[in-house]
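For reference, the chains in residue letters:
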Amino acid sequence: MATRILRGVVFLVRDIDRTYNATVQPQRDAHLTELVFLDRGPIALRSLAVLIVAAACGVAGTLLVRLHQSLAAQVAAHVTLNPLQTVIATGSNLRTLWPGWVAALCFGYAVLRLRHGATEPPPGRTAVEHQTLSQLRAGLRREYRVVRCALVVVVLAAALDVARAIASQIAAQSGDKDISTTMPATLIEALGYVAAALILAMWARAFGAEVRRLGAL
């Protein structure tokens, strides 16, 4: 009798485990799209939005390289440029490749704090001890929304810089020596933004899971 009961418990645990795995996997996939506000609407429309954004980043990256070539030619002709035009004409260098890597380090520190510390109450005008549970949860939802918006901005910046790096590589292979000299810095700069986007996505996903655990979503 005890053996039958034990077998029944084992089979029950297996069924629960299979049911749990079957239900958790779709939620995990939906959460990935949720990070960039692509968790709602027809999948065809969402796919179209991704394709449009990717194409726009590709075109913008190519235009930036052409603008760089044009302004560099003006610098060679001793034409006076404004500060922004001068930065574009110079291309990637030590002064431009650090923002993405600094952001990646900051986001990495946030990931470590989230994983090894308690979730901090959302900032607000009212003191935490005077806020109701619904106010705290609403604050967490707002903070999660801000994090997702920041992720979209960083992802777009990374996509744009990657597109610029690809267009720069094509220009360098076609014989543009000015572009060739800036290629190492261009690649390092693009990798910095990619790293920042990936680490911010890790933090946003972990923060979203924590917000769900606290019942705010």
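Each remark here, short or long, concerns the structure printed above.
Residues numbered from 1 in each chain as written. Predicted model: local features only at pLDDT ≥ 70, side-chain atom pairs only at ≥ 80, totals over all residues. Heavy atoms only, no water.

1. Thoughts on the pattern of salt bridges
Move 1: Throughout the structure, instances matching the rule amount to 3 salt bridges.
Move 2: Linking D161 and R164 is a salt bridge whose minimum nitrogen-to-oxygen distance equals 3.1 Å. In this pair, D161 and R164 are both assigned in helix α5 (residues 133-173), 3 residues apart and thus about one turn of the helix distant.
Move 3: Accessibility expressed as a relative area gives 8% for D161, which makes it buried.
Move 4: The class for R164 is buried, based on a relative accessible area of 13%.
Move 5: The shortest N-O distance in the salt bridge between R164 and E189 comes to 3.3 Å. Taken together, the positions of R164 in helix α5 and E189 in helix α6 (residues 177-213) put the pair 25 residues apart, joining distant regions of the chain. (Salt bridge = Lys/Arg side-chain N within 4 Å of Asp/Glu carboxyl O. Helix = DSSP H or I, 4+ residues; strand = E, 2+ residues; numbered from the N terminus. Buried < 20%, exposed > 50% of the residue type's maximum accessible area, 1.4 Å probe, protein only.)

2. Focus: unusual backbone geometry
Move 1: For H78, which is not glycine, the phi torsion reads 65° and is therefore positive.
Move 2: Position of H78 relative to the elements: it lies in the loop between α2 (43-76) and α3 (83-90).
Move 3: Judged by relative accessible area, which is 72%, H78 ranks as exposed.

3. Observations concerning a positive patch on the surface
Move 1: A cluster of basic side chains, namely R137, R141, R142 and R145, defines a positive patch on the protein surface.
Move 2: Of note, R142 is situated in helix α5.
Move 3: Classification of R142 as partly exposed rests on a relative accessible area of 46%. (Patch = residues over 30% accessible without salt bridge, like charges linked within 9 Å, V, L, I, M, F, W, Y side chains within 5 Å. Areas by Shrake-Rupley, 256 points an atom, 1.4 Å probe, with all protein chains shown as cover. Lys, Arg positive; Asp, Glu negative; His and termini not counted. Charge placed at Lys NZ, Arg CZ, Asp CG, Glu CD.)

4. Some points on the packing of aromatic side chains
Move 1: Enumeration over the complete set of coordinates arrives at 2 aromatic pairs.
Move 2: Relative to F207, the ring of Y144 has its centre 6.2 Å away and its plane inclined at 50°; by these criteria the two rings are tilted. Note that Y144 is positioned in helix α5 and F207 in helix α6, a separation of 63 residues in sequence.
Move 3: Aromatic side chains W203 and F207 sit 5.9 Å apart centroid to centroid with 25° between the ring planes, which places their arrangement in the stacked category. (Phe/Tyr/Trp six-rings, centres within 6.5 Å; stacked < 30°, edge-to-face > 60°.)

5. Re the packing of helix α4 (residues 98-116) against α6
Move 1: Their axes nearest at 8 Å, the elements α4 and α6 cross at an angle of 20°. Considering the angle they form, α4 stands roughly parallel to α6. The interaxial crossing formed by α4 with α6 has left-handed handedness. Facing P99, G100, W101, A103, A104, F107, G108, A110, V111, L114 and R115 of α4, the residues of α6 in contact are I188, L191, G192, Y193, A195, A196, I199, L200, M202, W203, A206 and F207. (Axes fitted to C-alpha atoms, helices over the stretch in contact; angles between N-to-C directions. Parallel < 35°, antiparallel > 145°, perpendicular 65-115°, else oblique. Left-handed = near helix turned anticlockwise from the far one by under 90°. Contact = heavy atoms within 4.5 Å.)

6. Focus: the nonpolar core
Move 1: Grouped together as the largest cluster of nonpolar side chains are 19 residues, with contacts concentrated most on L35, L151, V154, L200, W203, A204 and F207.
Move 2: For this core, the secondary structure elements donating two or more residues are α4, α5 and α6.
Move 3: It is α6 that provides the largest number of residues to this core, a total of 8 residues.
Move 4: What L200 contacts, discounting residues up to four positions off in sequence, is F107, A150, L151 and V154.
Move 5: Core analysis: the next-biggest nonpolar cluster, separate from the first, contains 6 residues, V65, A172, I179 and M183 among them. (Core = buried A, V, L, I, M, F, W, Y, C linked by side-chain atoms within 4.5 Å.)

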